Amino acid sequence: MGIKIIGVGKIKEKYFTAAVGEYTKRMQRFGGLNIVEVKDEPAPDNMSETEITHVKDKEADKILSKIKEDDFVVTLEILGEEYSSEKLAAKIKELQTYGKSSIVFVIGGSNGLGDAVLNRSNLAVSFGRFTLPHQLMRVVLSEQIYRAFMINSGSTYHK
Ligand SMILES: C[S@@+](CC[C@H](N)C(=O)[O-])C[C@H]1O[C@@H](n2cnc3c(N)ncnc32)[C@H](O)[C@@H]1O
């Protein structure tokens, strides 16, 4: 099964890049974790609501161009459904059992996800009501994906 994370913008801090790289490496034994970055739109402070919507719409177009019709799309949303590590592992197992060939996780940019992506979503997952920076979200998500595969393999990694 292919697992992909689509993120908006480049990770700037080396320590975040290193952390994502570590989990990407660990995921190789499970078929890999593909990280896809789409370019973020310039988003100066003090934008109007209309301008913010425009930025999110343009980023949404780029995100959607990386998603295939039969991908199962998991959007990361603060107000989404709260999950646990075990529940994510069970969801991935269920999707594998039903023959889904690819899961795509999508993390929004600094202003969040545009409507077109939210409408394409098959599942909205929340990591709690705290707002995490999108770069840190990528680290946390890649670890949780690795943890889910370790749970499903019966490893003692998850305690
Ligand atoms: C800085 S946040 C965007 C904040 C924006 N105001 C919003 O409501 O989406 C960037 C992205 O990180 C992800 N994110 C941040 N915190 C999250 C959380 N607690 N649960 C799920 N996703 C989160 C979401 O994909 C979000 O679009």
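Residues numbered from 1 in each chain as written. Predicted model: local features only at pLDDT ≥ 70, side-chain atom pairs only at ≥ 80, totals over all residues. Heavy atoms only, no water.

Per an unreviewed UniProt entry, the chain goes by the name Ribosomal RNA large subunit methyltransferase H and belongs to Amylolactobacillus amylotrophicus DSM 20534. The annotation that UniProt attaches to the chain under Catalytic activity (unreviewed entry) is "pseudouridine(1915) in 23S rRNA + S-adenosyl-L-methionine = N(3)-methylpseudouridine(1915) in 23S rRNA + S-adenosyl-L-homocysteine + H(+)". Under the UniProt heading Subcellular location (unreviewed entry), the entry covering the chain gives this text: "Cytoplasm". (UniProt positions renumbered as here; feature names shortened; annotations may be inferred.)

Moving on, we get to the pairing of strand 1 (residues 2-8). For strand 1, the buried fraction is high: six of the seven residues fall into the buried class. The pairing of strand 1 with strand 4 (residues 102-107) spans six bridges and is classified as parallel. Residue pairing for strand 4: I5 is matched across the bridge by F105. Relative to strand 2 (residues 34-38), strand 1 is paired through five bridges, and the arrangement is parallel. Across the sheet, residue I5 finds its bridge partner in strand 2, namely I35. In terms of handedness, the path from strand 1 via helix 1 (residues 14-26) over to strand 2 forms a crossover that is right-handed. (Buried < 20%, exposed > 50% of the residue type's maximum accessible area, 1.4 Å probe, protein only. Helix = DSSP H or I, 4+ residues; strand = E, 2+ residues; numbered from the N terminus. Pairing = 2+ DSSP bridges. Right-handed = clockwise from strand over helix to strand, strands pointing away.)

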